[in-house]
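The lines below spell out each chain.
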Amino acid sequence: MSEAVLFIHSTGVGPFLWSGVPQSAVGEGRTMLFPANLGYAPNPEVPRGTKVSAEDEAAHLLGQIPADAEKVHVVAHSYG
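The structure displayed is predicted, hence computed values, not measured ones. (Residues numbered from 1 in each chain as written. Predicted model: local features only at pLDDT ≥ 70, side-chain atom pairs only at ≥ 80, totals over all residues. Heavy atoms only, no water.)

### Considerations on the confidence of the model for the protein
Note the threshold: For every residue, the predictor states its confidence as a pLDDT score lying anywhere from 0 to 100. Numbering goes from the N terminus for both helices and strands, where a helix is a DSSP run of H or I of at least four residues and a strand is a run of E of at least two.
Looking at the protein, the pLDDT average stands at 93 and 98% of residues meet or exceed 70. Within the protein, strand E1 (residues 3-8) carries the highest mean pLDDT (97), whereas helix H1 (residues 54-62) carries the lowest (94).

Structure representation (structure tokens):
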């Protein structure tokens, strides 16, 4: 079974928030995913005045999960 751990950062920072998390924290064999939220590098900026919904963010993050992942654990901070 393929398992992934999706780390979602809060606003005002980026995926680097999770840079110190060791593989041992999630268990061997689990893929650690550190995607950038919409508007955060390396993604394009969101133009000022554009409304981004929770659904937009969720769709973006779900798109970062490998197709072969059978189970996904979520770790999030603040807005994440």
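Still more ground to cover, so stick around.
### Here we look at the sheet that holds strand E3 (residues 71-76)
Put simply, the rule is: Note on pairing: two strands pair once DSSP finds at least 2 bridges between them. Axis lines are fitted to C-alpha atoms, over the contacting stretch for helices. Their N-to-C directions set the angle, which ranges from 0 to 180 degrees.
Read across the open sheet, the three strands follow the order E2-E1-E3; overall the sheet is parallel. Across the chains shown, the open sheet's two edge strands, defined by having one partner strand only, are strand E2 (30-33) and E3. Across the sheet, the mean angle from the axis of one strand to that of its neighbour is 20 degrees, orientation sign disregarded. Sheet topology places E1 next to E3; six bridges connect them, and they run parallel. Opposite alanine 4, over in E3, you have valine 72 as the bridge partner.

### A closer look at the layout of surface pockets
Operational definition: Think of a 1 Å grid over just the protein atoms. A cavity is a set of points where a 1.4 Å probe fits yet cannot get out, a pocket is an open set with protein on both sides within 12 Å along at least five of seven lines, and lining residues have an atom within 4 Å of a point. Grid points are joined across faces, edges and corners, and a volume is the space filled by probe spheres set on the points. Basically, the charged four are Asp, Glu, Lys and Arg, the nonpolar ten are Ala, Val, Leu, Ile, Met, Phe, Trp, Tyr, Cys and Pro, and anything else, Gly included, counts as polar.
Taken as a whole, the largest pocket holds about 170 Å³ of empty space. The wall of the largest pocket is formed by Thr11, Leu38, Gly39, Tyr40, Glu45, Val46, Val52, Glu57 and Tyr79. A class-by-class count of the residues in the lining of the largest pocket yields five nonpolar, two polar and two charged.

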